[in-house]
Amino acid sequence: MHRKKAPFTSRRPKENCIVRNGYHLNELEWGHFDNLCEGTFAKNRSSKSSVFEESRFQKLEDDIVAKPHYFSTMKNFALQLSSEDWMVLEFSQLGFIGKMFQAPDLTLIVEFIFMFYKEKPIDWLLDHILWVKVCNPEKDAKHCDRQKSNLRIRFRPSLFQHVGLHSSLAGKIQKLTDKDFLKPLLHKVHVNPPAEVFTSMKVYQGHSLEKTYMGEDYFWAITPIAGDYILFKFDKPVKMERYLFRSGNPEHPGDKLMNTTIEVLPFKSEELEAKQETKNKYLRTEDGFFRIGKFENGIAEGTVDASLTPVMQLRLFTLKDSSVWAILSEIHIKKAPD
C-alpha cells in the first residue's frame, strides 16, 4: 500500500473539471465538480506506476480526525483479506470518507464515475457499481445485499471522524458525525460465504442474525430452549475448511451459547450416509445433518472433514434449555483454498 499526499494542483485538478462545468458552480454543479475531481485524481494515481497496480488506493478527506495508528490498522486489515475478492474496504460509515480500493479496480470505478457523475453523489455511485457487478434482477433485495457484502466490507469501529462544519458551499452547515467512531468493539468482523440466515430464537432489540453475519452487529437472543437453532443456508455449496463461533462479548460475557452443537448438511449427504467410515465418525440427525462439533466455554471451533464438503447448510442446534441469554459475537466460516 502506498501512502501519498497529493500536491495541491492534483488534489483539485480544476482544469480537468471546469471543461465539463464551465459556469457558476451552484450546489448541484458543485456535486458534479467534486465527483469529477475525485475521479480524475483516482485515475491519475492508478496509472502512475506498475508498483501501484499491486497496491491499494485509500480515499480520505481534509476535514477529519483519525484514530492513532490508523494506517497500520488499515494495512493489517487489508492483508488479512488478501485472499478475498473484495472491491472496497470501508473504515468510516460516512459518505466517501475512509474508503480503500484495490488498484486494479480503479479504472472501472473511475470510468463509472465519469459516466454518471451528474446523476448522483459519488458514494451512491459506488453502491451502483456493486449492484451492476453482483446483483441479479431476478433475485430479491436480500440476495443482492448478501452478494454486495462480499465486495464491500466494513471495518468497525470507525477509524475516522468528520469534524468539518462549514460546507464548501457558501453558507451551508453540515453536522455529519460517525456514530461508530468511539464505540467499543463488541463483535468481530469476518468475510463469510453468501448465505440466507434463519433462527428460531427470539431476537432482542434488533440485534439480528442478518446484521451479525454481515459484520454489522452482534446477535442477541433471549434464553434459548431445546430445539432452537441458527441456520446458514449458503447460496451455493461451500468447500469449508474451518469454522469459528464465539458467544458472549465484553459487556455481557455470561451470555454464552451452551449445550449447542455444530452441524453441517453436505451437498452429497446420501452418498456419505452409505459410507461406514462416516457413520462411525459422525452422528447423523434425523433430517440429514452431520454433527461435527459443539460449544465449549462459549466457543465452537474446528476443521471440517474434506469428505463432508462442499456444504449446503450449517446449523447451530440447542440440545437443552439455557438459563441465560445468548450473544453470538463472532462468526467465521472459512472456505478452503481452491
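That block above? That's the structure.
Cut-off values and rules
- Residues numbered from 1 in each chain as written.
- Predicted model: local features only at pLDDT ≥ 70, side-chain atom pairs only at ≥ 80, totals over all residues.
- Heavy atoms only, no water.
- Buried < 20%, exposed > 50% of the residue type's maximum accessible area, 1.4 Å probe, protein only.
- Helix = DSSP H or I, 4+ residues; strand = E, 2+ residues; numbered from the N terminus.
- Arc of directions from axis to C-beta.
- Salt bridge = Lys/Arg side-chain N within 4 Å of Asp/Glu carboxyl O.
- Disulfide = S-S within 2.5 Å.

A.B. asks: Explain helix α5 (residues 106–116) to me, using residue names and the numbers behind them.
C.D. replies: Note that an α-helix has 3.6 residues per turn; residues three or four places apart therefore point the same way. Listed as buried for α5 are L106, I109, V110, F112 and I113. Mapping the buried residues of α5 onto a view down its axis gives an arc of 160 degrees, with all of them on the same face.

A.B. asks: Help me get a handle on the pattern of salt bridges, residues and values and all.
C.D. replies: With the rule as written, the count across this model stands at 11 salt bridges. Ionic pairing is found between E90 and R152, a salt bridge with its closest N-O pair at 2.7 Å. Residue E90 is located in strand β3 (residues 88–90), and its partner R152 is located in strand β5 (residues 152–154); the two are separated by 62 residues in the primary sequence. Between R315 and D287 there is a salt bridge whose closest N-O contact spans 2.7 Å. Taken together, the positions of R315 in strand β16 (residues 311–318) and D287 in the loop between β13 (283–284) and β14 (290–294) put the pair 28 residues apart, joining distant regions of the chain. Sharing partners across several salt bridges, the network here consists of E90, D127, D145, K148 and R152.

A.B. asks: Quick one: what's the story with the state of the cysteines, residue by residue and with numbers?
C.D. replies: Taken as a whole, this structure holds 1 disulfide when the rule is applied. A sulfur-sulfur separation of 1.9 Å characterises the disulfide bridge that pairs C135 with C144. Looking down the S-S bond of the C135 and C144 bridge, the torsion is 70 degrees, so its handedness is right-handed. The class for C144 is buried, based on a relative accessible area of 7%.

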